[in-house]
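What follows is each chain in one-letter form.
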Amino acid sequence: MTDSIMSKAATMEIPINSNGDTGTLPEDDSLEQAAKLQWSLDEKVGSTRGTRDLQQVMVSGPNLNETSIVSGGYGGTAEGIIPTSSIKGSNMHHSSSSSSMSADDATRGVAVEKIESVKKWGMNTYKCTKQMISERFGRGSRTVDLELEAQIEVLRDTKRKYQNVLRLARALTNHFYNMVQTQHALGDTFADLSQKSPELRDEFGYNAETQKLLCKNGETLLGAINFFVSSINTLVNKTMEDTLMTIKMYENARLEFDAYRADLEELSMGPRDAVTMARIDAAQQQYQVHKEKYERLRSDVTIKLKFLEENKVKVMHKQLLLFHNAISAYFAGNQQQLEQTLKQFNIKLKPPGADKPSWLEEQ
């Protein structure tokens, strides 16, 4: 309909005066009417189309991933449009790549440290093995502290002897424990027979009382011997062993010191070019480090040997006195002296049946 009106308006004749002015058309204003009709139709169509677009935007909403940034002036080309999704993707890619690079650097650093530690361990093992073989075949020199070496040898010999004393004391404890258990059973048997044999009641009764008394004194002596065994075990397997562990560390430090000393001497006898001088400086530093370690451990061993000797004399003086007094009082039949010996050394006996597990533990 609009097209027909517009075509009609376009074909109308417009009269022109002689002066060139357009003439009025009072009788026919169809052109003005056609223009007004066209404007009203355009407004209706535009409002309808705008309402439809607004509803579509409100329903669907803008897509932030498809938002674009326009660079350049108005009417520029599409080359200046940069999708924000590409910017976000590039930032994420950059952050992930930087984090992966930092993780790779950390892993590489740990691997380098491990390789360096293995390399140092290998060089140290090689030098020490070479020095050990040279000493064994008499071709290498070793650092010797005659006084300290003699004290170490005395300590090792003392430990072997004390281990033998400990073994024999444990054997004595086991045998004496069995004897006490036998005396206890024998006393119970004599007591039972004294009740069932009226003609020998007194004789069985005397022997039952004697065995019970011996069993009681035997248990007291066992308490003293067990204390003696425990103290000797602590002295041998803890105190002496701790000193011997320090001595082992000292001997390893001595071997390392001699190995690096021999390496420095070998380099010093060679040519003095730039490369060799650098190696000599490095060997000098290593030699100084191991020398300080060797001297520190030698001082520790000297101090521990001194304190060990003092502790050994004090402990053994007390334990030997206890062992002698307890054994003498037991075989002399002096029950009071035996009990006084245990009180003198603060030994408390366990009540009978204390070593047996309770009925709850047996379940």
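Structure's up top.
What counts and what doesn't
- Residues numbered from 1 in each chain as written.
- Predicted model: local features only at pLDDT ≥ 70, side-chain atom pairs only at ≥ 80, totals over all residues.
- Heavy atoms only, no water.
- Axes fitted to C-alpha atoms, helices over the stretch in contact; angles between N-to-C directions.
- Helix = DSSP H or I, 4+ residues; strand = E, 2+ residues; numbered from the N terminus.
- Parallel < 35°, antiparallel > 145°, perpendicular 65-115°, else oblique.
- Left-handed = near helix turned anticlockwise from the far one by under 90°.
- Contact = heavy atoms within 4.5 Å.
- Nonpolar A, V, L, I, M, F, W, Y, C, P; charged D, E, K, R; others polar.
- Salt bridge = Lys/Arg side-chain N within 4 Å of Asp/Glu carboxyl O.
- Buried < 20%, exposed > 50% of the residue type's maximum accessible area, 1.4 Å probe, protein only.

## What to know about the packing of helix α6 (residues 274-331) against helix α7 (residues 335-344)
α7 packs onto α6 with a crossing angle of 160° between their chain directions and a minimal axis gap of 8 Å. On the basis of the axis angle, α6 is roughly antiparallel to α7. When the axes of α6 and α7 are compared, the crossing they make is left-handed. Note on element contacts: α7 touches α6 through Gln337, Leu338, Thr341 and Gln344, opposite Leu322, Asn325, Ala326, Ala329 and Tyr330. For the contact of α6 with α7, the class distribution of residues is five nonpolar, four polar and no charged.

## Considerations on the pattern of salt bridges
The full count for this structure, using the stated rule, is twelve salt bridges. Of the charged contacts in the structure, one is a salt bridge between arginine 156 and glutamate 251, with a shortest N-O distance of 3.0 Å. Here arginine 156, found in helix α4 (residues 146-196), pairs with glutamate 251, found in helix α5 (residues 201-268); they are 95 residues apart in sequence, far enough to count as distant. Owing to a relative accessible area of 28%, arginine 156 belongs among the partly exposed residues under this scheme. Given a relative accessible area of 28%, glutamate 251 falls into the partly exposed group. Residues glutamate 309 and lysine 312 are paired through a salt bridge, measuring 3.3 Å at the closest nitrogen-oxygen approach. With glutamate 309 and lysine 312 both in helix α6, this residue pair falls three residues apart, about one helical turn. A relative accessible area of 15% places lysine 312 in the buried class. Connected via shared salt-bridge partners are Arg254, Asp258, Arg261 and Glu265.

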